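Topology and contacts: notes
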Amino acid sequence: MTTVARRALAEFVGTAFLVAAVIGSGIAAARLSPHDRGLQLLENSIVTGGALVALILALQPVSAAFNPVVTLVERALGGVSTREAAVLIGAQIGGGFVGADVANLMFDLDAIDLSTSHRNGSALWLGEVVATLGLLVVIFGTARAGRSERVAFAVGGYILAAYWFTSSTSFANPAVTIARMFSDSFAGIAPGSVLGFVGAQLLGGLLGYGLVRALYPRPAARPMASEATS
């Protein structure tokens, strides 16, 4: 198996498990705490943060971005080629779709169950810009400072916190956002809301790239998108 194929497989598997954790914990939280939205969010955020730490630790030696924005920034920084970035992003989106289907099936729901949770408005879009920008600074700042072994904990902790301090509950990931529209659950997002969220995430990615270049101008010693995501 080629290096690119191994990385794509890691991105597919990692994103699938990440989405399964996000959606599965959302479904479980709604069933376990049906009358307490705050407790549902707490349960969902803890599981997501924990899953990120575990998945990045396990797959970081191969590739552990799980996020198209992270991969695009790595491409802009010269860490991967355009072809490699396209392959990895395709694997992330495909893995997210599979993870959503599996999560639905595990909880005895239809494999594809389009969400009816509309998430629109400038406040939520700003939340996604902030969440994505912050995620990139955490990932690339930690890696470019020579502390790659701590990326998993930095990312997991940041996403857990960003669930609470951003109005959008920090999707911060186009692949995960697209996948979440296939689950009509606590973690879902209506198809009509996806474009606004993804656009905000891409804007956050652009701003994050600029900030990373300003704060850490020294080129990374090695590719970094194998070091993270949401």
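Predicted model only: the values in this text are computed from it and were never measured.

**A short note on the confidence of the model for the protein chain**
Residues at a pLDDT of 70 or more form 95% of the protein chain, whose mean pLDDT is 94. When the criterion is pLDDT under 50, residues 222–228 qualifies, and its contacts beyond four places in sequence or with other chains add up to 37 contacts.

**Things to note about helix α2 (residues 37–59)**
An ideal rise of 1.5 Å per residue puts 33 Å on 23 residues; α2 measures up with 32 Å between its terminal C-alpha atoms. Considered for burial, the residues of α2 that qualify are Gln40, Leu41, Asn44, Ser45, Thr48, Gly49, Ala51, Leu52, Val53, Leu55, Ile56 and Leu59. For α2, the elements touching its buried residues are α1 (3–32) and α6 (151–165). Where α2 begins, the capping side chain belongs to Asp36, and its oxygen is found 3.2 Å from the backbone nitrogen of Gly38.

**Let's talk about the environment of Phe97**
Take Phe97: it is sitting in helix α4 (residues 82–106). Between the C-alpha atoms of Phe97 and Ile112, which are 15 residues apart in sequence, the distance is 9.2 Å. Excluding anything up to four places from it in sequence, Phe97 contacts Ile112, Ala179 and Phe182.

**So, the packing of helix α3 (residues 68–76) against helix α8 (residues 191–215)**
For the pair α3 and α8, interaxial distance at closest approach is 10 Å and the crossing angle is 35°. Between α3 and α8 lies a crossing of right-handed hand. Contact residues: α3 offers Val69, Leu72, Val73 and Ala76, while α8 offers Gln201, Leu202, Gly205 and Tyr209. In the contact of α3 with α8, the residues fall into 6 nonpolar, 2 polar and no charged.

**Some remarks on the packing of α1 against α4**
The geometry of α1 relative to α4 is characterised by a closest axis approach of 6 Å and an angle of 35° between their N-to-C directions. The handedness of the crossing between α1 and α4 is right-handed. A per-class count over the contact of α1 with α4 returns 14 nonpolar, 8 polar and 4 charged.

**Describing the side chain of Ser25**
Considering the arrangement of structural elements, one finds Ser25 in helix α1. Overall, the relative accessible area of 9% leaves Ser25 in the buried class. Apart from residues lying up to four places away in sequence, Ser25 is in contact with Ala20, Asn44, Val47 and Thr48.

**Quick look at a nonpolar patch on the surface**
Nonpolar side chains collect at one region of the surface, where Met1, Leu9, Phe12, Val13, Phe17, Phe97, Val98, Val102, Met106, Ile112 and Leu114 lie side by side and expose about 1000 Å² of accessible area between them. Within the residue set of the nonpolar patch, elements represented by two or more residues are α1 and α4. You can see Phe12 is positioned in helix α1. Of the residues examined, Phe12 reaches a relative accessible area of 30% and is grouped as partly exposed.

**Description of α3**
When we look at burial in α3, the residues that qualify are Pro68, Val69, Val70, Thr71, Val73 and Glu74. Tucked inside the fold, the buried residues of α3 contact α1, α4, α5 (122–144), α7 (174–180) and α8. Positioned one or two residues after α3, Gly78 has a phi angle of 85°, which is positive.

**Overview of the pattern of salt bridges**
One pass over the structure, following the stated rule, counts 2 salt bridges. Ionic pairing is found between Arg7 and Glu74, a salt bridge with its closest N-O pair at 3.8 Å. With Arg7 in helix α1 and Glu74 in helix α3, the pair connects residues that are 67 residues apart, well separated along the chain. Classification of Arg7 as buried rests on a relative accessible area of 12%. Close ionic contact of Arg150 with Glu149 constitutes a salt bridge, the shortest N to O distance being 3.6 Å. Under the relative-accessibility criterion, Arg150 is labelled partly exposed at 48%. You can call Glu149 partly exposed: its relative accessible area is 48%.

The rules behind these values
- Residues numbered from 1 in each chain as written.
- Predicted model: local features only at pLDDT ≥ 70, side-chain atom pairs only at ≥ 80, totals over all residues.
- Heavy atoms only, no water.
- pLDDT = per-residue confidence, 0-100.
- Contact = heavy atoms within 4.5 Å.
- Helix = DSSP H or I, 4+ residues; strand = E, 2+ residues; numbered from the N terminus.
- Expected span 1.5 Å × (residues − 1).
- Buried < 20%, exposed > 50% of the residue type's maximum accessible area, 1.4 Å probe, protein only.
- Polar contact = N/O pair within 3.5 Å; in protein donor to acceptor, adjacent residues only side chain to side chain.
- Axes fitted to C-alpha atoms, helices over the stretch in contact; angles between N-to-C directions.
- Left-handed = near helix turned anticlockwise from the far one by under 90°.
- Nonpolar A, V, L, I, M, F, W, Y, C, P; charged D, E, K, R; others polar.
- Patch = residues over 30% accessible without salt bridge, like charges linked within 9 Å, V, L, I, M, F, W, Y side chains within 5 Å.
- Areas by Shrake-Rupley, 256 points an atom, 1.4 Å probe, with all protein chains shown as cover.
- Salt bridge = Lys/Arg side-chain N within 4 Å of Asp/Glu carboxyl O.

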